Amino acid sequence: MGERRDDAIRRLTGIHEKNRSGGGTEHMERQHERGKMTARERIASLLDPETFSELGSSVNTTGSRIDGRESDAPCDGAVVGTGRIEGRQVAVYASDFTVLGGSIGTQHGLKFVKVMEMAAAWGIPMIWLLDSSGGRLGYRDVPMAGIDWWFALESRFSGMIPQINVLLGPCIAGQAYCPTLCDFLLMSRGTAHLWLGGPRMTQAATSEKIGDDVGGADYHMIYSGTCDVVGENDAQTIQKTRDLMRYLPANWRERPPIRKTSDSPHREVDGLSAVVPDAYDQVYDMHRVIQALVDDGAYYEIKDEYARQIITCFCHFNGHVTGVVACNPEAPGSVVEINACDKYYRFLQVLDAYAIPLVTLVDTPARVPGESQEALGLIRHLGKILDLYATATIPKISVVLRQAHADAGGILLGGVKDMGVDLAYAWPLARFSVEASTLDYREAFVCPMDEDAYPGYLDRAREAVDVFEAAQSWTAQVVDEIIPPKETRKRIIEALELTRNKKDTVPARAKLRGTGPT
């Protein structure tokens, strides 16, 4: 009886030893030559030491090639299991590029499906370490390999548990949908590529030649906006994943972890007046304002190189995780441009899904959108934010620093009270107007206009209303209080504490989703 047990244990030990070698020494060395870690090295880098608990380690696909040749795929190229990040439980999936190029076979696909279902049932985040050549072609049982199942689960569990995709190699064709369905996509600058059709596939199908940089981390950060965070290599990208986890709850029912800080909630910020110029047409970097306000000056920015006229970031106020959306007057353009709308909308979706409060810092530039933006559906994109902001049930705090022009995004950022802002503050310098244009409207109309029509009516829409004038009438409901700049941090923290147990006042909808603009 003991001998049989010993033989079984030796067999299991042999499987584990073989798994540690992945697709073999040659393939592992090639992986390192490309500047990439192996799947198990990545998992070890992501998780706290000695916390990884593997599932499905004995899975292997052999002899399923259409041409009859033998194949050997330890773990079927998918290493899955659970572990801890800073003591918190997570589920992990890592594709092993040393095993058949990390391609997705049936067992590979099902291993991910099972661990994803477990993560959702247990209420723990799901993290992908993706480095895959896509579907496993030339095998009998791999028509779709269950990847359609992946899409369904990602969508069904969206907003229930955080889903973080860390792309460290190629991701091609149909599999490229997977990162876009996650909450966050982090990419390694050196090795990650995301394509529906890569350079060779595109050229073969259409004869169009596209650059090798298309689909890379910088491309998807700067141009497409698909990427949320870029790291220089595997190690840095994985570390940024660990950092991101500090701002996310385990699931939608829980709150993010509270961070210990020595930064006093009563701290006054005396330097803000020096950062923000008095002159409305002078630019400044809003990052400096955020850094001055948040705990210990630390924040985690999302899509930092995409639509730079608006800033989206996580931070802590008195130890509590908060999302910040802010105009950045230093960057060219306006908050109302389509890319900025998409960036804001996506971030607000995540905040609302995981009950993370929103603080908006408003200082909209005097900018009117042009014909190109109108033709691309700017109004639809603005409408999406209006719909989501009004129906989001999270605490919403706004601070107007200098100016809030309605047509430049002042309403979208909570610059006026009735959009659903819980508490709206404004600095004494603040002013409000319906629109920001300085155009002489008499030149814009074909038909003649009476001279008195221009000052009497048309100019009124853009007349800047001083914050004190707005605050004289409580029924105007523009701001709740005018505050000195140095009290901004203290007031934000007070507001967040007051609204922490906020109850949903939005009437319950008959269905899960409304029909807002798309």
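Whatever comes next refers back to the structure up there.
We now turn to the structure provided with this report. Predicted model, so just to flag it, every value in this text is computed and none were measured. (Residues numbered from 1 in each chain as written. Predicted model: local features only at pLDDT ≥ 70, side-chain atom pairs only at ≥ 80, totals over all residues. Heavy atoms only, no water.)

Details of the sheet that holds strand 4 (residues 78-85)
Piece 1. If you trace the 7 strands from one edge of the open sheet to the other, you get 1-4-5-6-7-9-11, paired in mixed fashion. Both outer strands of the open sheet, strand 1 (53-55) and strand 11 (229-231), are each paired with one neighbouring strand and no more. With strand direction ignored, the average angle separating the axes of adjacent strands in the sheet is 20°.
Piece 2. One ladder, built from 8 bridges, connects strand 4 with strand 5 (residues 88-95); its direction is antiparallel. (Pairing = 2+ DSSP bridges. Helix = DSSP H or I, 4+ residues; strand = E, 2+ residues; numbered from the N terminus. Axes fitted to C-alpha atoms, helices over the stretch in contact; angles between N-to-C directions.)

Quick word on the nonpolar core
Piece 1. One finds Met126, Phe314 and Tyr344 to be the most contacted residues of the largest nonpolar core, which totals 101 residues.
Piece 2. For this core, the leading source of residues is helix 12 (residues 338-353), giving 8 residues.
Piece 3. Filtering out sequence-adjacent residues up to four positions away, Phe314 remains in contact with Phe184, Leu244, Tyr247, Leu248, Tyr299, Tyr300, Ile302, Val321, Thr322, Phe347, Leu351 and Ile356.
Piece 4. Within the second largest apolar cluster, 29 residues are counted, among which are Leu272, Ala326, Leu401 and Ile492. (Core = buried A, V, L, I, M, F, W, Y, C linked by side-chain atoms within 4.5 Å. Buried < 20%, exposed > 50% of the residue type's maximum accessible area, 1.4 Å probe, protein only. Contact = heavy atoms within 4.5 Å.)

As for a nonpolar patch on the surface
Piece 1. Together, Leu55, Met118 and Trp122 make up an exposed nonpolar region whose accessible area comes to about 270 Å².
Piece 2. Inspection of the secondary structure puts Leu55 in strand 1. (Patch = residues over 30% accessible without salt bridge, like charges linked within 9 Å, V, L, I, M, F, W, Y side chains within 5 Å. Areas by Shrake-Rupley, 256 points an atom, 1.4 Å probe, with all protein chains shown as cover. Salt bridge = Lys/Arg side-chain N within 4 Å of Asp/Glu carboxyl O.)

What to know about the pattern of salt bridges
Piece 1. Evaluated as defined, the whole model comprises 22 salt bridges.
Piece 2. In this structure, Glu26 engages Arg30 in a salt bridge whose closest nitrogen and oxygen atoms are separated by 3.0 Å. With Glu26 and Arg30 both in helix 2 (residues 25-33), this residue pair falls 4 residues apart, about one helical turn.
Piece 3. Arg30 sits in the partly exposed class, given a relative accessible area of 33%.
Piece 4. A salt bridge links Arg491 to Glu487, with the nearest nitrogen and oxygen atoms 3.8 Å apart.

Examining the sheet that holds strand 15 (residues 358-362)
Through backbone hydrogen bonds, the strands of a sheet pair up, either in parallel or in antiparallel fashion.
Piece 1. Pairing is mixed in the open sheet, where 7 strands are placed in the order 12-13-14-15-16-18-21. The open sheet has two free edges, formed respectively by strand 12 (299-302) and strand 21 (481-482), since each of these has just one partner strand.
Piece 2. When strand 13 (residues 310-317) meets strand 14 (residues 320-327), the two strands line up antiparallel, connected through 8 bridges. When the sheet's bridge partners are listed, Ile310 is paired in strand 14 with Cys327.

Structural notes on the pairing of strand 9 (residues 184-188)
Piece 1. Extensive coverage of strand 9 is indicated by the burial of 5 of its 5 residues.
Piece 2. Pairing between strand 7 (residues 163-167) and strand 9: 4 bridges, direction parallel. The partner of Leu167 across the bridge, within strand 9, is Met187.
Piece 3. In this structure, strand 9 lies alongside strand 11, joined through 3 bridges in parallel fashion. Bridging across to strand 11, Leu186 finds its partner in Val229.

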